[in-house]
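This is what each chain is made of:
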Amino acid sequence: MVGLGGFKHQELVVDLTAGSVTTRPLNEELARQYIGGRGLGVKYVFDNGPNVEPFSPENILCFMTGPVTGSLAPMSGRLAVVTKSPLTGTVTDSHMGGWSAARMKWAGIDNIIVRGRSEKPVYLYVENGEGKLFDASDLWGKGVRTTVKLLKERHGADDLSVIAIGPGGENLVRFAGFINENDRAAGRGGTGAVAGYKRLKAIVIKASQKGNLPQPSDPEANRKATQKALKAIVEGAVTAPRKGGLSVYGTNVLTNIINEVGALPTRNAKETYFAEAEGHSGEMVNRTLLVADNTCHACPVACKKEVEVKSGKYKTRTESFEYESGWALGANCGLSNAEAIAFMINQCNEYGIDTIEVGHALSVAMEASERGLITETVRFGDADQMIELIEDIAFRRGLGDELAEGPARFAQAIGAPELSMSVKGQSIPAYDPRGIQGIGLGYATSNRGACHLRGYSVAAEIMGIPEPVDRLVVEGKGALLKLFQDLHAFSDSMDICKFSSFSETAHHYAEQYATMTGIPMTADDVLKAGERIYNLERYYNNLAGFKRREDDLLPERFLKEPGTGHSAGQVSHLQAMLDEYYQVRGWKDGVVPEEKLKELGIVSA
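Residues numbered from 1 in each chain as written. Predicted model: local features only at pLDDT ≥ 70, side-chain atom pairs only at ≥ 80, totals over all residues. Heavy atoms only, no water.

(A) Highlighting the sheet that holds strand β1 (residues 11–15). If you trace the 6 strands from one edge of the open sheet to the other, you get β2-β1-β6-β3-β4-β5, paired in mixed fashion. Looking at strand neighbours, the two that pair on one side only are β2 (20–24) and β5 (91–96), the edges of this open sheet. Neighbour-to-neighbour, the strand axes of this sheet turn through a mean angle of 20°, independent of strand direction. In terms of strand pairing, strand β3 (residues 61–64) meets strand β4 (residues 79–84) through 3 bridges, oriented antiparallel. Counterpart to M64 in the pairing with β4 is A80. (Pairing = 2+ DSSP bridges. Helix = DSSP H or I, 4+ residues; strand = E, 2+ residues; numbered from the N terminus. Axes fitted to C-alpha atoms, helices over the stretch in contact; angles between N-to-C directions.)

Shown next as structure tokens:
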């Protein structure tokens with residue numbers, strides 16, 4: 001075999017200004033250094049320059065696969081969308097599941113890099129290693145599902161994936177994302193808004209698995225590595241099909257668990273325990289709304305829970321009722337009605353906007369209204385009012401227009417920045433730092449703004465994976481978080497599902513990577529590659545203006561206002577953890593020094 005195994009060795013470069021689509025070979029040197037997926041996409045964005053404006057023709061939008069994407073490797077169906085974020089001003093990557101990424105690889109394309117800005121709406125059609133732009137004027141203004149339906153009618157539904165933006169992206173809502181035909185979202189960071197600025201409505205990919213699977217450098221060794229990884233997942237306490245909590249209840253299995261320890265941010269994080277959380281828990285949703293257990297390419301876990309409200313004003317059917325979405329529109333807004341929440345999740349998917357950021361936009365407006373800081377009356381727990389306001393956000397009407405700038409910008413504009421539970425402009429997910437110390441450090445040091453997926457310390461602090469760690473202890477959290485961040489940076493670059501780490505280890509990743517690509521890899525090499533990627537992201541952000549310790553802070557509420565429930569009296573002890581974290585990272589108050597960049601090969605020695 002010539003070149004690295006697993007790759008198709010071809011990328012599409014789309015120049016929307018010129019209206020052209022060209023191919024170029026994969027840069028194997030960069031792929032070796034940055035793996036693929038998130039890592040290679042960040043390198044492309046880095047090389048494009050950290051000072052570009054997110055809403056500009058110069059900003060690039062990268063759709064990235066990894067070396068095992070579309071193969072038989074378990075959970076290998078993830079697609080990374082990488083750009084400079086209009087929400088945070090940092091580099092960002094957002095990932096979606098389903099079959100889009102696998103189909104892109106089967107179509108003979110590793111990555112798609114989009115630059116420029118079209119004069120009119122367009123969509124990209126990909127098949128047999130080639131791409132072509134089509135007029136999308138008739139699709140502009142339409143929701144995601146209508147767009148998917150029309151494109152399937154136009155190009156044939158068989159072996160087709162559609163990645164689209166909705167009105168949120170078109171209207172430059174700063175937290176708009178991409179949704180595919182399976183209701184899977186690349187939701188965070190505003191990637192859909194960048195596409196909306198560029199007038200890119202969708203990417204359509206036509207390809208089948210037959211005869212198109214990525215070819216490993218050592219087929220027999222790769223088969224064994226794949227089987228070993230699959231065995232770990234099938235036997236995992238969390239991931240076991242139809243037995244593990246993730247498989248039975250989906251991600252929403254966490255609602256009662258996190259609420260019980262007093263770490264469920266409630267009513268804009270004024271509390272950390274929600275007495276009515278059972279109303280939108282995974283257990284309740286499974287008993288009352290579940291209609292299908294769906295999955296993604298090469299995944300036996302099937303964590304996607306399709307739900308249906310069969311009658312009434314919240315009648316809807318959507319996939320899926322995720323923990324983060326249910327919390328953001330539920331406990332975070334003082335609402336426990338699962339039917340109303342399902343309706344709003346579907347609404348956000350149709351408009352192509354991030355459910356987490358939407359929930360925060362609503363909760364910030366609710367607390368601002370309580371305090372008399374805005375003239376509008378917005379009430380915690382008022383589902384019908386929330387539904388109206390979500391529509392106003394997507395179409396930028398009235399108060400919704402202000403909230404579409406993002407909760408952090410909105411709170412700043414009304415003179416109350418403390419109301420936004422955000423870091424670097426991106427709002428926190430569904431874990432309160434007062435009840436889980438490590439995740440607070442994770443929010444503060446995430447390279448894309450507040451995020452649990454950069455380093456999921458919750459695995460250790462709540463689930464005991466790979467071993468139990470006291471959630472309230474401060475000492476050791478810097479080293480723990482670095483481990484998770486580096487591991488996840490690698491898996492995001494492979495690009496395989498984060499949930500694989502509940503059962504697989506760095507050894508599993510190393511074996512799958514090495515036998516697929518032909519590049520020798522150890523568990524230590526996995527973590528070193530992840531460290532290189534994480535430091536490249538941080539270096540980009542340093543150059544983009546995030547170069548003070550103060551940029552790695554949490555909202556004051558978490559530092560000064562004690563939690564409730566089983567975290568009563570607790571606050572986040574960020575500064576002590578930050579000192580340890582900077583030390584283990586080798587950073588100076590959040591800045592990557594030149595010696596670290598040279599050590600990792602990011603700059604020449």
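The discussion continues.
(B) Focus on the environment of S500. As for its placement among the helices and strands, S500 is situated in the loop between α19 (477–494) and α20 (506–517). Distance from S500 to G236, taken between C-alpha atoms, is 9.6 Å for residues 264 residues apart in sequence. Aside from chain neighbours lying at most four places away, what touches S500 is M75 and Y509. Here C497 takes part through its backbone oxygen, which lies 2.7 Å from a polar atom of the side chain of S500. (Contact = heavy atoms within 4.5 Å. Polar contact = N/O pair within 3.5 Å; in protein donor to acceptor, adjacent residues only side chain to side chain.)

(C) Quick peek at empty space enclosed by the protein. Per the stated rule, a full pass over the model turns up 1 cavity of 30 Å³ or more. Taken as a whole, the largest cavity encloses approximately 30 Å³ of empty space. Looking at the largest cavity, the residues that line it are K424, R538, N541, N542, F546, R548, D551 and D552. Here the residues of the lining of the largest cavity are counted per class, giving 1 nonpolar, 2 polar and 5 charged. (1 Å grid on protein atoms, 1.4 Å probe; cavity = no way out; pocket = protein on both sides within 12 Å on 5 of 7 lines; lining within 4 Å. Points joined across faces, edges and corners; volume = space filled by probe spheres on them. Nonpolar A, V, L, I, M, F, W, Y, C, P; charged D, E, K, R; others polar.)

(D) Looking closely at helix α14 (residues 383–394). With 12 residues, α14 extends 17 Å from end C-alpha to end C-alpha; this agrees with the ideal 16 Å at 1.5 Å per step. All buried positions along α14 are accounted for by A383, Q385, M386, I387, L389, I390, I393 and A394. Looking at the buried side of α14, the elements it contacts are α5 (167–170), α11 (323–329), α12 (338–351), α13 (355–370) and α15 (399–403). (Expected span 1.5 Å × (residues − 1). Buried < 20%, exposed > 50% of the residue type's maximum accessible area, 1.4 Å probe, protein only.)

(E) A look at the domain arrangement of the protein. The domains assigned to the protein are domain 1 (10–206), domain 2 (250–427) and domain 3 (437–553 + 573–600). Between the C-alpha centres of domain 2 and domain 3 there is a distance of 27 Å. Facing the 11 residues of domain 2 at the interface are 16 residues of domain 3. Summed over both partners, the interface of domain 2 with domain 3 buries about 1100 Å², with 63% contributed by carbon and sulfur atoms. Counting the surface domain 2 buries against domain 3, the share from its top three residues, V423, K424 and Q426, is 52%. The tally of links between domain 2 and domain 3 comes to 1 salt bridge. (Domains from an automatic or database assignment. Buried area = accessible area lost by both parts, 1.4 Å probe. Salt bridge = Lys/Arg side-chain N within 4 Å of Asp/Glu carboxyl O.)

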